Amino acid sequence: MIGAGVVGLASAAALLDRGHDVVCLDRLGPMAERSTGTSRIFRLAHNSATLIDLARQARAGWTRWSEATGQPLVRDVGCLVSGALTLPWTAAMRKANAPYEIVGADWAELRLPVRKAPDVLLYDVTGGAIETVRTGEYLAGVLGAALRVATVYALEQRDTAARVHTPDGPLDVDAVLIAAGAGTSPLAAQVGIYTPTVLEHHVRFTFATSRGGPLRSWIDQSPGMPSTYQHMAGPGRWTVGALFDNATLAWEVGRDEAVRASREAVVDYVREHLDGVDPTVLDELYCTTMAELGDGFHLRRNGPFTAVYGDNLFKFAPLLGDLLATAVTDGTEDAVDYL
Ligand SMILES: Cc1cc2nc3c(=O)[nH]c(=O)nc-3n(C[C@H](O)[C@H](O)[C@H](O)COP(=O)(O)OP(=O)(O)OC[C@H]3O[C@@H](n4cnc5c(N)ncnc54)[C@H](O)[C@@H]3O)c2cc1C
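A quick note: this is a predicted structure, and the numbers were derived from the prediction, not measured.

### Thoughts on the overall build of the protein
Consideration 1: What the protein contains, in helices and strands, is 8 helices and 20 strands.
Consideration 2: In terms of overall size, the protein behaves like a compact globule, its C-alpha atoms giving a radius of gyration of 20 Å where 339 residues would be expected to give roughly 20 Å.
Consideration 3: Projected onto the principal axes, the alpha-carbon positions of the protein cover approximately 65 × 45 × 35 Å.
Consideration 4: Counting across all 339 residues of the protein, residues that qualify as buried make up 54%.
Consideration 5: Sequence separation of 24 or more characterises 71% of the internal contacts of the protein that already satisfy a separation of 6 or more.
Consideration 6: Entry remark: accessible area of the protein is about 14700 Å², with carbon and sulfur atoms responsible for 51%.
Consideration 7: Averaging the coordinates of the 29 positive side-chain charges in the protein and doing the same for the 40 negative ones gives two points 3 Å apart.

### Thoughts on the sheet that holds strand S18 (residues 297-302)
Consideration 1: With respect to topology, 4 strands assemble into an open sheet ordered S12-S19-S18-S20, the strand pairing being mixed. The outermost strands of the open sheet, each flanked by one partner alone, are strand S12 (176-178) and strand S20 (335-338). In this sheet, neighbouring strand axes are inclined to one another by 15° on average, regardless of whether the strands run parallel or antiparallel.
Consideration 2: Both S18 and S20 contribute to a ladder of 4 bridges, which runs antiparallel. Paired with Leu299 across the strands is Val336, a residue of S20.

### Quick word on the pairing of strand S15 (residues 227-234)
Consideration 1: Here S15 lies mainly inside the structure; 8 of its 8 residues are buried.
Consideration 2: Bridge count for strand S14 (residues 217-221) against S15 is 3 bridges, and the pairing is antiparallel. Bridged to Trp218 within S15 is Gln230.
Consideration 3: Bridge analysis of S15 against strand S16 (residues 237-243) gives 7 bridges, and the strand direction is antiparallel. Bridge pairing links Gln230 to Val240 in S16.
Consideration 4: With antiparallel pairing between neighbouring strands as the criterion, S15 and S16 make up a hairpin whose turn holds 2 residues, including Gly236 at a positive phi of roughly 70°.

### Some thoughts on helix H7 (residues 255-273)
Consideration 1: Taking 1.5 Å per residue, 19 residues should reach 27 Å; H7 reaches 26 Å between its end C-alpha atoms and fits that length.
Consideration 2: Those residues of H7 that fall on the buried side of the exposure criterion are Ala258, Val259, Ala261, Ser262, Val266, Val267, Tyr269 and Val270.
Consideration 3: Structurally, H7 contributes buried residues whose contacts are with strand S13 (199-208), S14, S15, S16, helix H6 (246-249) and strand S17 (283-290).

### Side note on the sheet that holds S14
Consideration 1: Ordered in space as S5-S6-S4-S14-S15-S16-S13-S17, the 8 strands form an open sheet in which the pairing is mixed. A strand with exactly one partner marks an edge of an open sheet, and here the two such strands are strand S5 (101-103) and S17. On average, each strand axis in the sheet is tilted by 20° relative to the strand beside it, whichever way the strands run.
Consideration 2: Relative to S16, S13 runs antiparallel, the two being bridged by 5 bridges. Across the sheet, residue Ala208 finds its bridge partner in S16, namely Arg237.
Consideration 3: Set on the sheet, helix H3 (residues 86-95) makes contact with strand S4 (79-83), S5, strand S6 (121-124) and S14; between it and S6 the angle comes to about 40°.
Consideration 4: Sheet contacts for H7: S13, S14, S15, S16 and S17; angle to S13, the most-contacted strand, approximately 40°.

### So, the packing of helix H2 (residues 49-69) against helix H4 (residues 132-143)
Consideration 1: At a minimum axis distance of 11 Å, the contact between H2 and H4 shows a crossing angle of 75°. Here H2 is positioned roughly perpendicular relative to H4, judged by the angle of their axes. When H2 is examined against H4, the residues Trp62, Trp65, Ala68 and Thr69 are found in contact with a partner set consisting of Thr135, Tyr138 and Leu139.
Consideration 2: Partitioning the contact of H2 with H4 into residue classes produces 5 nonpolar, 2 polar and no charged.

### Observations regarding the site of the ligand
Consideration 1: For the ligand, the set of nearby residues contains 32 residues, the closest of which are Asp26, Ser35, Arg40, Ile41 and Cys287.
Consideration 2: At a separation of 3.3 Å, an oxygen atom of the ligand approaches a polar backbone atom of Val6.
Consideration 3: Its free accessible area being 1000 Å², the ligand has 96% of it covered by the protein chains.
Consideration 4: At the level of elements, helix H1 (6-17), strand S1 (24-26), strand S2 (39-42), S13 and S17 are the ones that each hand at least two residues to the shell around the ligand.

### Some thoughts on the environment of Glu33
Consideration 1: Note that Glu33 resides in the loop between S1 and S2.
Consideration 2: Taking the relative accessible area as the measure of exposure, Glu33 reaches 32% and is therefore partly exposed.
Consideration 3: Linking Glu33 and Gly181, residues 148 residues apart in sequence, is a C-alpha distance of 7.9 Å.
Consideration 4: Side-chain polar atoms of Glu33 contact the side chain of Arg27, separated by 3.1 Å.

The rules behind the values
Residues numbered from 1 in each chain as written. Predicted model: local features only at pLDDT ≥ 70, side-chain atom pairs only at ≥ 80, totals over all residues. Heavy atoms only, no water. Helix = DSSP H or I, 4+ residues; strand = E, 2+ residues; numbered from the N terminus. Rg over C-alpha atoms; globule rule 2.2 N^0.38 Å. Buried < 20%, exposed > 50% of the residue type's maximum accessible area, 1.4 Å probe, protein only. Contact = heavy atoms within 4.5 Å. Areas by Shrake-Rupley, 256 points an atom, 1.4 Å probe, with all protein chains shown as cover. Lys, Arg positive; Asp, Glu negative; His and termini not counted. Charge placed at Lys NZ, Arg CZ, Asp CG, Glu CD. Pairing = 2+ DSSP bridges. Axes fitted to C-alpha atoms, helices over the stretch in contact; angles between N-to-C directions. Expected span 1.5 Å × (residues − 1). Parallel < 35°, antiparallel > 145°, perpendicular 65-115°, else oblique. Nonpolar A, V, L, I, M, F, W, Y, C, P; charged D, E, K, R; others polar. Near = heavy atom within 4 Å. Polar contact = N/O pair within 3.5 Å; in protein donor to acceptor, adjacent residues only side chain to side chain.

Here it is as structure tokens:
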């Protein structure tokens, strides 16, 4: 296993559970790159019935993990969807026979911290907010000594098996899962697997909110506004991430400028449109994402090597762990797309 983000950890945990010998290598340690931070949105709502069904299976996995930790790993606060996404996502929810409500004039009861609510909101009642730190601690605990800090700098096929090169020397293994986030593409390319290479910057910001109690997660693509996702990142803390255009977030723009421009635009948005949210940035969380990937995930295989990539993977983690454990041990088609 290469990568101890939530995907690599979930996959290693599933393999250990099935009785396999596993080593999970990460250059930084667990949950260090795209999986860092305190929270993520969980939602059933997607633009396809297939992804909704997969999210439903993932939700069952979250319940299983929560029971194992003795604490809820998903806060069941629901997730609201508005703007351009509402119609297509509602149609997909209907097709998947998933539970949802449509909220109109009675939006005030939802306590969204916003001055003027969108006309129509899709309310994904199964959605919520994931406790990411607890999730990482739980999975790292399951892995125990199987988790090691080491950079993988080369991969090599040896007959039907694989050699993994690290600064501590080579490791010979039956199969390798490359779940290395931004590091996946350069490693996969060494063993004849193509995964997308173009990265973008992304940053989300956390603000203080005076709205008490748990607040619902919210994804908005209303006209004339930046596309945002928003949720509670802890008591009294409201997080806003915005999906800006390529001119703001392209790799060539550079991290510092992308963060500066995002911060300025998000703070303006909070000041103008949110209610009960103080526009002073308390915290910022930066990561790379892959350009032009939406929801969904992708498996690519060549011999003993399997690579996984996708965006917004956290919510699918328990399901991904099971799917990838099966792919690595039983084999899979050379290319499988879950969209
Ligand atoms: C700000 C933000 C908000 C998000 N919001 C949501 C959300 O609301 N809902 C949702 O579902 N998802 C969300 N996501 C996406 C989700 O968090 C990621 O898709 C997921 O965490 C990716 O996990 P991963 O294990 O694939 O990658 P990572 O967490 O990046 O893990 C990959 C690991 O591989 C290691 N690695 C890389 N190269 C090497 C190498 N050569 N050798 C050894 N180790 C290596 C890295 O150190 C890293 O720890 C968000 C992400 C961010 C950053």
